[in-house]
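Structural overview
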Amino acid sequence: MNYRHAFHAGGFADVIKHIVLVRILIYLQEKPAALRVIDSHAGAGLYDLTGEEASRGGEWLTGIARIMQARFSETTLPLLKPYLDIVRAFNPDRDLTAYPGSPLIARALLRPQDRLTACEVEPKARKRLIDALRRDTQARVVDLDGWTALPAFVPPKERRGLVLIDPPYEQKDEFERLAEGFAEAYAKWPTGSYLLWYPVKSRRATDTLARHVAEAVGASKPPGKALRLEFSVAPQSADSALASAGLLIVNPPWTLLGELKAILPELEKPLGQGGAGRFRLETPKP
C-alpha cells in the first residue's frame with residue numbers, strides 16, 4: 001500500500017477526512033482558550049491538481065471536483081461551507097487547480113491564540129510544507145517521524161486540541177503502529193481529540209484497529225468516547241484503487257454525530273462511482 005498524500009489529493013478520502021477535521025476544529029474554537037493541532041504525518045501542505053502525482057490517478061475528479069459542483073440541503077450546506085470556502089480560497093480563479101492538505105486546512109482555521117505542529121520527514125514534502133508555512137509564527141514544521149512525535153508532543157501546553165494521525169501506510173505493520181502510537185499518546189493525553197485515518201483493504205486489519213482503539217479509550221478514567229466512520233464509493237477489490245476509507249474519532253465533539261448524520265447521506269450520490277456510495281457510522285466496540 002502507498003497512500004502518500006500527493007497521489008490522492010482531493011480524492012473522496014480527503015473530502016471525508018477534511019470535512020470531519022473542519023467540524024471538529026470549529027467546535028473546539030467555541031471556547032476562547034487556545035488550542036493546538038498536531039499533524040503527525042503532514043505531507044506537503046498544498047497539492048497541484050494539474051501536476052504529475054495528482055494527475056496519475058485523477059482521484060480529485062471524482063472527489064472534491066464533484067463536491068464543489070454538488071447541491072446540498074439547507075441543513076447540510078452550512079456544515080460544509082467552511083471546508084468548501086477554504087478550498088475556494090486556494091483557487092481564486094475559480095478553476096480547481098490546487099488542493100490544501102490537512103495542515104493548511106487546519107492553519108486556515110486557527111485563531112491568533114492557536115498553534116499548529118506539523119511533522120514530516122520526507123525531504124521534498126517537508127520542503128514544500130515549509131515553503132507553504134514560511135514566516136508563519138503560529139505554525140511549526142518539524143523534521144521528526146510521526147510515530148516518535150506522537151508521545152513527544154502530548155500533552156501540549158495548551159491542554160486543548162486535536163491530534164491528526166494519517167500515515168502513508170507504506171509499511172506492512174502500519175496498522176499495528178497506528179494502534180500502538182495512538183494508545184501511547186492517549187495514555188499521556190486522554191482529554192485530547194484524535195482523528196485517525198485508515199484505508200479499508202482488509203476487514204480484519206480495520207476491525208482489529210478499531211477494537212484496539214476502543215480498548216484504549218474504554219480503559220481511561222473516566223472512559224473516553226469514540227466514533228468509527230467508513231465511507232465506500234464502490235465495492236473494494238484486491239487489485240482496484242482505494243474505494244473505501246475510514247476514520248476513528250476519539251473524544252469527538254458532542255455535536256459531531258448529528259452533523260455527520262446530516263452530511264454523509266448527501267455525499268453518497270456525488271462521491272459514488274458506478275452508483276451511490278455508502279457509509280457506516282458507529283461506536284467501535286472493544
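What comes next concerns the included structure. In this numbering scheme, every chain counts its residues from 1 along its sequence in written order. For a predicted model such as this one, the threshold for reporting local features is a pLDDT of at least 70, and the threshold for listing and counting side-chain atom pairs is 80 or more; totals across whole chains, interfaces and linings nevertheless cover every residue. Water and hydrogen atoms were dropped before computing side-chain values, which therefore reflect all heavy atoms in the structure.

**Description of the pattern of salt bridges**
Salt bridges are defined by distance alone: a side-chain nitrogen of Lys or Arg within 4 Å of a carboxyl oxygen of Asp or Glu. Scanning all chains against the criterion turns up 21 salt bridges. We note a salt bridge from Arg 107 to Asp 136, for which the minimum N-O separation is 2.5 Å. Linking Arg 107 in helix α5 (residues 102-109) with Asp 136 in the loop between α6 (123-132) and β5 (139-142), this pair joins segments that are 29 residues apart in sequence. For every residue, the accessible area (1.4 Å probe, protein chains only) is compared with the maximum for its type, and the residue is labelled buried under 20%, exposed over 50%, or partly exposed between those bounds. By relative accessible area, Arg 107 is classed as buried at 19%. Where helices and strands are cited, they refer to DSSP runs of H or I of at least four residues and of E of at least two residues respectively, numbered from the N terminus.

**A word on the environment of Arg 71**
Along the polypeptide, Arg 71 turns up in the loop between α3 (64-69) and α4 (77-89). For the pair Arg 71 and Pro 270, spaced 199 residues apart in the sequence, the C-alpha separation amounts to 9.3 Å.

**Remarks on the sheet that holds strand β4 (residues 115-119)**
The eight strands are arranged β5-β4-β1-β6-β7-β9-β8-β10 in an open sheet whose pairing can be described as mixed. Edge positions in the open sheet fall to β5 and β10 (278-282), since each of these has one partner strand only. The sheet shows a mean angle of 10 degrees between the axes of neighbouring strands, taken without regard to direction. With five bridges joining them, strand β8 (residues 226-232) and β10 adopt antiparallel strand pairing. Residue pairing for β10: Glu 230 is matched across the bridge by Arg 280. Residues count as neighbours in contact if any of their non-hydrogen atoms are within 4.5 Å of one another. Inter-axis angles, ranging from 0 to 180 degrees, are taken between N-to-C directions of lines fitted to C-alpha atoms, where helices are fitted over the stretch in contact. Strands in contact with helix α8 (residues 174-188) are β6 (161-165), β7 (193-199) and β9 (244-250); relative to β7, the strand with the most contacts, it is inclined by about 180 degrees. Pairing between two strands requires that DSSP report at least two bridges joining them.

**Quick word on α6**
Those residues of α6 that fall on the buried side of the exposure criterion are Ala 125, Arg 126 and Leu 129. Down the axis of α6, the buried side of the element spans an arc of 100 degrees, and every buried residue falls inside it. Pointing more than 90 degrees away from the buried face of α6 are the exposed residues Pro 123, Lys 124 and Lys 127. To be clear, the arc concerns the directions from the helix axis to the C-beta atoms.

**Some details on the packing of aromatic side chains**
Aromatic pairing here means that ring centres of Phe, Tyr or Trp (its six-membered ring) are within 6.5 Å. Orientation follows from the plane angle: under 30 degrees is stacked, over 60 is edge-to-face, and everything else is tilted. Across all of its chains, the model carries seven aromatic pairs by this definition. Aromatic pair Trp 189 and Tyr 194: ring centres 6.2 Å apart, planes at 65 degrees, arrangement edge-to-face. Each member of the pair, Trp 189 together with Tyr 194, is buried. Among the aromatic residues, ring-to-ring pairing joins Tyr 169, Phe 175, Trp 197 and Tyr 198 into one connected group. Above the ring of Trp 197, the side-chain terminus of Lys 17 is found at 5.6 Å from the ring centroid. Look at NZ for Lys and CZ for Arg. If either is within 6 Å of the ring centre and within 35 degrees of the ring normal, a charge sits over the ring.

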